[in-house]
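Analysis of the macromolecular model
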Amino acid sequence: MITLWTIRDKVFRLKKYQEPMEKWLFPIILLFYPLIGVTQGVDITDTTYSLGNYQYGDVLDPMWMIATYIPNVLGRLFMVLPGGDTMLGMNIYCSFIISATALVAYYLLQRWMPGWMTFIGELIAINLCWCPRVILYNYLTYFCFTTGTLLLMHAMTDYELTRWKFILAGAVLGLSVMVRFPNIMEASMILILWYYETIHRRDFKEILRKTGLCILGYAIGFLIPFIAICIKYGMAAYPGMITSLSEMSKGASDYTAIGMLGAILRAWYTSFAHMAIMVPCMIMGIIMMMLKPGKYYWIKRMLYIAGILVLFYYYYTDGVFTRSYHYYDSMFEPAMMFLICGACFFIVGVTRRIHGQASERSLCLASLLIMIITPLGSNNYTYPLLNNLFVVAPFIMWMFRRMRQAAGPSELNFSWKAVYMAILVLLFVQGSLFHLKYSFVDGTDGTKRASLVGTKDLPKAAGMFTTEYNAETLSELHEAITDYDLEDKKLLQFGKAPGLSYLLDMEPAIFTTWPDLDSNTTEKFADALSGFEGCNPEDLPVVIINPDFEGEVLAEEKYDLLLDFLETWKYNSVFDNDRFEVFAIE
């Protein structure tokens, strides 16, 4: 009779190809796989907002420049490279940050797990990267978090004490604070060192010495960019940034600690609720396996797998996941189910239950901490976690193997094993198609991105594919700005189009290119407008309004202030294509 063990033996015959593939093929794929989609989408919100921050960092609110200092420096560096003055060029350069993160995890994780498994895990992690690749404060965060954690794991598990690895691990996590201030939470990864040393019952002085090395590295990593900030902005700039960030949540309820934590918990609860139906299904599977033990081996398994397929069809009809690969709902719930399975594996793996080595138990703790820490400081539910699975995804696969080995060959274990494998296959398929078809914001309603932007239409976005409507309206706007000789003026934009300063190559007129965000208070916007009092009319900015204020509580108040400003200075509407309205003084 053909069994799963027979199939496994046949697969093992292919093992001779494993080493060359792990050495050459897999790293090359991981290097270039993130480049898929670099020509897709001309988003005028977050994507070009970030690009505008890199280009015009010197004239915008220094709070954001300081809070995300390293990404802004690196973004400006990319912009002086060949092709970096275009959206396409920046997409290419920034994609290699994702590649670097995947490759670091691929090589460093191979101390504990095979390369082929790590490779599949990294593909899953890349597939789920939904955030625009040019938002460097996110992807540099994941790079530092991944690199720092794995360097620390290597330092802990070396046979001989390697001080430089502890220092380097601390330095990378210290640098991460200068990538994005909330990354200070990553300092809690020191817990895995203490846990590992406690398992080995090391002397307190030894633990203290290794902790001190990590703290030294952390201080070095933090202080180098901190000194650069102090030189450029002054000693009070960094404390002032922290104060400004804490005050920002007053007008934005979703940026409060309670609001962000509530969103994260709701996401987990919803996914747990969707998975609850799997429990009775697994119980029924166990009962079926108990019938006629040792007989009808394949029939019972095929019937159970058919039941899983029916369950997945129910999920599909109920909208738990979709085939809308241009939008997040195609992969979000499968990814969350995968993570819930992983969390269960990690919780068991942290304990002595499956007799794991200290390094494996510590990696389980590290993975749990990554899952807890990553969404903190964001108002995007658990979506940031889906962007940061470079350690977690491959290690979930490894811990499934360990759980399977510990459970033994009993038929009764087939039910939960089959459910996990079904979720893994579903996630890989859905994630891969999502990676191929998705582009942030642009075309998320299913509209095809069939229009190629030309150098005359919109030079900054040349070579990019977008929807016909987006291409036409942006081209018309660029043409109007050129026809009225407004391209040399500064720009004040309002509405969900903060990327227009970047796309039109027009310097921002006030402290931000996205004034309607609730995190930019009404008072601050009013002060910015009052700053034009006594100004020469020829020096007043061009105003472009995109009347989409959805989700912003304070936008209407600010809009009224802007209308008063336009009336006071006797602005005229010189262009309107039902998406953008341009105001200028003629």
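Residues numbered from 1 in each chain as written. Predicted model: local features only at pLDDT ≥ 70, side-chain atom pairs only at ≥ 80, totals over all residues. Heavy atoms only, no water.

Another point: the overall build of the protein chain. Secondary structure summary: the protein chain contains 24 helices and 6 strands in total. Taking 2.2 N^0.38 as the reference for a compact globule, 586 residues should give roughly 25 Å; the C-alpha atoms of the protein chain span a radius of gyration of 26 Å, in line with that estimate. Dimensions of the protein chain, computed from C-alpha atoms along their principal axes, come out at roughly 90 × 60 × 45 Å. A buried classification covers 55% of the 586 residues belonging to the protein chain. For the protein chain, the share of sequence-separated contacts (at least 6 apart) that also reach a separation of at least 24 residues comes to 73%. Counting every atom, the protein chain has about 26700 Å² of accessible surface; 64% of that belongs to carbon and sulfur. (Helix = DSSP H or I, 4+ residues; strand = E, 2+ residues; numbered from the N terminus. Rg over C-alpha atoms; globule rule 2.2 N^0.38 Å. Buried < 20%, exposed > 50% of the residue type's maximum accessible area, 1.4 Å probe, protein only. Contact = heavy atoms within 4.5 Å. Areas by Shrake-Rupley, 256 points an atom, 1.4 Å probe, with all protein chains shown as cover.)

Another aspect to go through is the packing of aromatic side chains. Under the criterion given, the structure shown has 35 aromatic pairs. Site record: aromatic cluster; members linked through ring pairs are Trp 130, Tyr 327, Tyr 328, Phe 332, Tyr 383, Phe 434, Tyr 438 and Phe 440. Here the basic side chain of Arg 301 rests over the ring of Phe 414, its NZ or CZ set 4.8 Å away from the ring centre. Over the face of the ring belonging to Tyr 502 we find Lys 460, whose NZ or CZ atom lies 4.0 Å from the ring centre. (Phe/Tyr/Trp six-rings, centres within 6.5 Å; stacked < 30°, edge-to-face > 60°. Lys NZ or Arg CZ within 6 Å of the ring centre and 35° of its normal.)

A word on the pattern of salt bridges. As enumerated under the stated definition, the model contains 14 salt bridges in all. Where Glu 206 meets Arg 209, a salt bridge forms, and the shortest distance between an N and an O atom there is 2.9 Å. Here Glu 206 and its partner Arg 209 are both found in helix H11 (residues 204-233), 3 residues apart, which amounts to about one turn of the helix. As a salt-bridge pair, Lys 300 and Glu 411 come within 3.6 Å of each other at their nearest N and O atoms. Of this pair, Lys 300 sits in helix H15 (residues 297-317) while Glu 411 sits in the loop between helix H19 (392-407) and helix H20 (414-437), placing them 111 residues apart in sequence. For the residue pair Lys 300 and Glu 411, the accessibility class agrees, reading buried in each case. (Salt bridge = Lys/Arg side-chain N within 4 Å of Asp/Glu carboxyl O.)

Grouped together as the largest cluster of nonpolar side chains are 148 residues, with contacts concentrated most on Trp 130, Leu 339, Leu 386 and Ile 544. Those residues in contact with Trp 130, other than ones at most four positions away along the chain, are Tyr 139, Tyr 328, Met 331, Asn 380, Tyr 383, Pro 384, Leu 386, Asn 387, Phe 434, Tyr 438 and Phe 440. In terms of nonpolar packing, the next biggest core, distinct from the first, is built from 18 residues, Phe 511, Phe 532, Ile 545 and Leu 566 among them. (Core = buried A, V, L, I, M, F, W, Y, C linked by side-chain atoms within 4.5 Å.)

All right, on to the pairing of strand S6 (residues 581-584) then. Taken together, the 3 bridges between strand S4 (residues 542-546) and S6 define a ladder with antiparallel strand orientation. The residue of S6 that forms the bridge with Ile 544 is Val 582. Relative to S6, strand S5 (residues 572-576) runs antiparallel, the two being bridged by 4 bridges. Of the residues in S6, the one forming a bridge with Asp 576 is Glu 581. (Pairing = 2+ DSSP bridges.)

On to the sheet that holds S4, then. Spatial strand order, S3-S4-S6-S5: 4 strands in an open sheet with mixed pairing. Two strands in the sheet have a free side with no partner beyond their single neighbour: strand S3 (491-495) and S5. On average, each strand axis in the sheet is inclined to that of its neighbour by 20 degrees, with strand direction left out of account. Sheet strands touched by helix H24 (residues 555-568): S3, S4 and S6. Its angle to S4, the strand with the most contacts, is close to 145 degrees. (Axes fitted to C-alpha atoms, helices over the stretch in contact; angles between N-to-C directions.)

Taking the relative accessible area as the measure of exposure, Glu 411 reaches 17% and is therefore buried. When sequence neighbours within four positions are dropped, the list of residues in contact with Glu 411 reads Met 289, Pro 293, Gly 294, Tyr 297, Lys 300 and Arg 301.

Of all the 5 residues making up S3, 5 are buried; the element is thus mostly covered by neighbouring parts of the structure. For S3 and S4, the ladder comprises 5 bridges, and the chain directions are parallel. What sits directly across from Leu 492, in S4, is Val 543.

In this section: the side chain of Thr 141. Here Thr 141 shows up in helix H8 (residues 136-157). From its side chain, Thr 141 meets the backbone oxygen of Tyr 137 in a polar contact 2.5 Å long. Setting aside its immediate chain neighbours within four residues, Thr 141 contacts Leu 136, Ser 176, Val 179, Arg 180, Asn 183 and Glu 186. (Polar contact = N/O pair within 3.5 Å; in protein donor to acceptor, adjacent residues only side chain to side chain.)

Take Trp 569: it is sitting in the loop between H24 and S5. Taking C-alpha positions, Trp 569 is 20 Å from Phe 511, a pair spaced 58 residues apart along the chain. In this view, Trp 569 contacts Phe 532, Glu 533, Gly 534, Cys 535, Pro 537, Leu 540 and Ile 585; residues no more than four positions away in its chain are not counted.

Among the structural elements, Thr 101 can be located in helix H6 (residues 87-108). For the pair Thr 101 and Phe 565, spaced 464 residues apart in the sequence, the C-alpha separation amounts to 47 Å. What Thr 101 contacts, discounting residues up to four positions off in sequence, is Tyr 139, Tyr 142, Phe 143, Thr 146 and Phe 390.

Our focus in this paragraph is the environment of Lys 524. Within the secondary structure, Lys 524 sits in helix H23 (residues 522-530). Measuring from C-alpha to C-alpha, the distance between Lys 524 and Lys 558 comes to 9.9 Å, with 34 residues separating the pair along the chain. Setting aside residues up to four positions removed in sequence, Lys 524 forms contacts with Asp 61 and Phe 511.

Our focus in this paragraph is H11. Counted at 1.5 Å a residue, the expected span for H11 with its 30 residues is 44 Å, and the 42 Å between its end C-alpha atoms agrees. Three or more residues of H11 are buried, namely Ile 207, Lys 210, Thr 211, Leu 213, Cys 214, Gly 217, Gly 221, Pro 225, Phe 226, Ile 229 and Cys 230. Two or three places before Lys 205, at the start of H11, stands the capping residue Asp 203, its side-chain oxygen 2.9 Å from that residue's backbone nitrogen. Gly 234, located one to two residues past H11, shows a positive phi value of around 105 degrees. (Expected span 1.5 Å × (residues − 1).)

Our focus in this paragraph is the packing of helix H10 (residues 190-199) against helix H17 (residues 358-373). Relative orientation of the contacting elements H10 and H17 amounts to 155 degrees, with a least axis distance of 9 Å. Here H10 is positioned roughly antiparallel relative to H17, judged by the angle of their axes. Remark: the crossing between H10 and H17 carries right-handed chirality. Contact residues: Leu 191, Ile 192, Tyr 195, Tyr 196 and Ile 199 in H10; Ala 358, Ser 359, Arg 361, Ser 362, Leu 365, Ala 366 and Leu 369 in H17. Looking at the contact of H10 with H17, its residues break down into 9 nonpolar, 2 polar and 1 charged. (Parallel < 35°, antiparallel > 145°, perpendicular 65-115°, else oblique. Left-handed = near helix turned anticlockwise from the far one by under 90°. Nonpolar A, V, L, I, M, F, W, Y, C, P; charged D, E, K, R; others polar.)

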